[in-house]
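Structural overview for review
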Amino acid sequence: NAGVTQTPKFRILKIGQSMTLQCAQDMNHNYMYWYRQDPGMGLKLIYYSVGAGITDKGEVPNGYNVSRSTTEDFPLRLELAAPSQTSVYFCASSFHDSSSGNTIYFGEGSWLTVV
Amino acid sequence: TQLLEQSPQFLSIQEGENLTVYCNSSSVFSSLQWYRQEPGEGPVLLVTVVTGGEVKKLKRLTFQFGDARKDSSLHITAAQPGDTGLYLCAGHLYNTDKLIFGTGTRLQVFP
């Protein structure tokens, strides 16, 4: 059972470089999320998507972009990496409808360092 | 601006003590969840509360959702070293699809 898969797990970037964090889920979930977590802190919502072709900003979207061309994939792009983007990034997914609960499934996290 | 504030931020106690963690907001949430996170891993769901005033128990853990659905608490009875971790509340903002996390409470239980 793959669940939510994030790649890469670790990455070091130089200031100004670009990269994409990949996220894929195989549970046919309609909702997907990207969060960042700084050491010892809670998670902050970057972007989220309620279905293919739909994305919305979260609490801290600046410096990031997302796309949701398929139900399965929700990549997060950093265009011009800055030291402030050093963090652990978590992708998550859930299934929402009017009757079900909304258990969130998290990926294992991607550790990003910008130097 | 942090929508969900948790208190205390840090808590260090002896095994056997009781504790309460609070999650407060000025916003209304359609549901609220509590998670526990171990170092190097993603958060793991403990409970979801959806009705104002709802109380749920999970062994030694008691969760309460405020009547106005703006706050929640987690009470642990007779804490054990295995309870050590980062506790996070998270809520779905009313009439939105956003799942917002709280600031976190780091709990350390000493034997």
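What comes next concerns the included structure. Because the structure is a prediction, the values reported are computed rather than measured. (Residues numbered from 1 in each chain as written. Chains lettered and ligands numbered in written order. Predicted model: local features only at pLDDT ≥ 70, side-chain atom pairs only at ≥ 80, totals over all residues. Heavy atoms only, no water.)

**Here's the deal with the sheet that holds strand E8 (residues 71–76) of chain B**
Residue and element names in this part refer to chain B. Spatial strand order, E1-E3-E8-E7-E6: five strands in an open sheet with antiparallel pairing. Strands with a single pairing partner mark the edges of an open sheet, and in this sheet they are strand E1 (5–7) and strand E6 (55–58). Neighbouring strand axes in the sheet, compared pairwise and without regard to direction, differ in orientation by 15° on average. Relative to strand E3 (residues 19–24), E1 runs antiparallel, the two being bridged by three bridges. Residue Ser7 lies in a different strand from E3, and its bridge partner there is Tyr22. (Pairing = 2+ DSSP bridges. Helix = DSSP H or I, 4+ residues; strand = E, 2+ residues; numbered from the N terminus. Axes fitted to C-alpha atoms, helices over the stretch in contact; angles between N-to-C directions.)

**Here's the deal with the packing of aromatic side chains**
Residues and elements named next belong to chain A. Enumeration over the complete set of coordinates arrives at 10 aromatic pairs over all chains. On the basis of an interplanar angle of 45° and a centroid distance of 6.2 Å, the ring pair of Tyr35 and Phe106 is categorised as tilted. Note that Tyr35 is positioned in strand E4 (residues 31–37) and Phe106 in strand E10 (residues 105–106), a separation of 71 residues in sequence. The residues Tyr35 and Phe106 share a single accessibility class, namely buried. Taken together, a centroid distance of 6.3 Å and an interplanar angle of 85° make the contact between Phe90 and Phe106 edge-to-face. On the criterion of sequence distance, the pair formed by Phe90 in strand E9 (residues 87–94) and Phe106 in strand E10 is long-range, its members being 16 residues apart. (Phe/Tyr/Trp six-rings, centres within 6.5 Å; stacked < 30°, edge-to-face > 60°. Buried < 20%, exposed > 50% of the residue type's maximum accessible area, 1.4 Å probe, protein only.)

**Observations regarding the nonpolar core**
If you look at the biggest cluster of nonpolar residues, it comprises 39 residues, and the most contacted ones within it are Tyr33 and Phe106 of chain A together with Trp34 and Phe101 of chain B. Broken down by element, the residue count for this core peaks at six residues, all from strand E9 (residues 85–93) of chain B. Met19, Met32, Ala81 and Tyr89 of chain A belong to the second-largest nonpolar core, a separate cluster that totals 19 residues. (Core = buried A, V, L, I, M, F, W, Y, C linked by side-chain atoms within 4.5 Å.)

**Some thoughts on unusual backbone geometry**
In this chain, Thr7 of chain A is followed by Pro8 of chain A through a cis amide linkage whose omega measures -5°. Residue position: Pro8 of chain A is located in the loop between strand E1 (4–7) and strand E2 (10–13). Note the cis peptide between Ser7 of chain B and Pro8 of chain B, where omega equals -5°. Looking at the secondary structure, you find Pro8 of chain B in the loop between E1 and strand E2 (10–14).

**Topic: the interface of chain A and chain B**
Buried accessible area, meaning the area lost when the parts come together, often serves as the stated size of an interface. Counting residues at the interface gives 24 residues for chain A and 22 residues for chain B. Summed over both sides, the interface of chain A with chain B buries roughly 1,700 Å², with 55% coming from carbon and sulfur. Of all residues in chain A, Leu43, Glu59 and Phe106 of chain A bury the most surface against chain B, accounting for 24% of the area lost on that side. Our enumeration of links across chain A and chain B arrives at zero salt bridges. One can count three residue pairs in polar contact (both at pLDDT 80 or more) joining chain A with chain B. Residue assignment for the side of chain A that touches chain B shows that the elements contributing at least two residues are E4 and strand E5 (43–51) of chain A. With five residues, the single largest contributor to the side of chain A that touches chain B is E5 of chain A. Its residues placed into classes, the side of chain A that touches chain B shows 12 nonpolar, eight polar and four charged. (Contact = heavy atoms within 4.5 Å. Buried area = accessible area lost by both parts, 1.4 Å probe. Salt bridge = Lys/Arg side-chain N within 4 Å of Asp/Glu carboxyl O. Polar contact = N/O pair within 3.5 Å; in protein donor to acceptor, adjacent residues only side chain to side chain. Nonpolar A, V, L, I, M, F, W, Y, C, P; charged D, E, K, R; others polar.)

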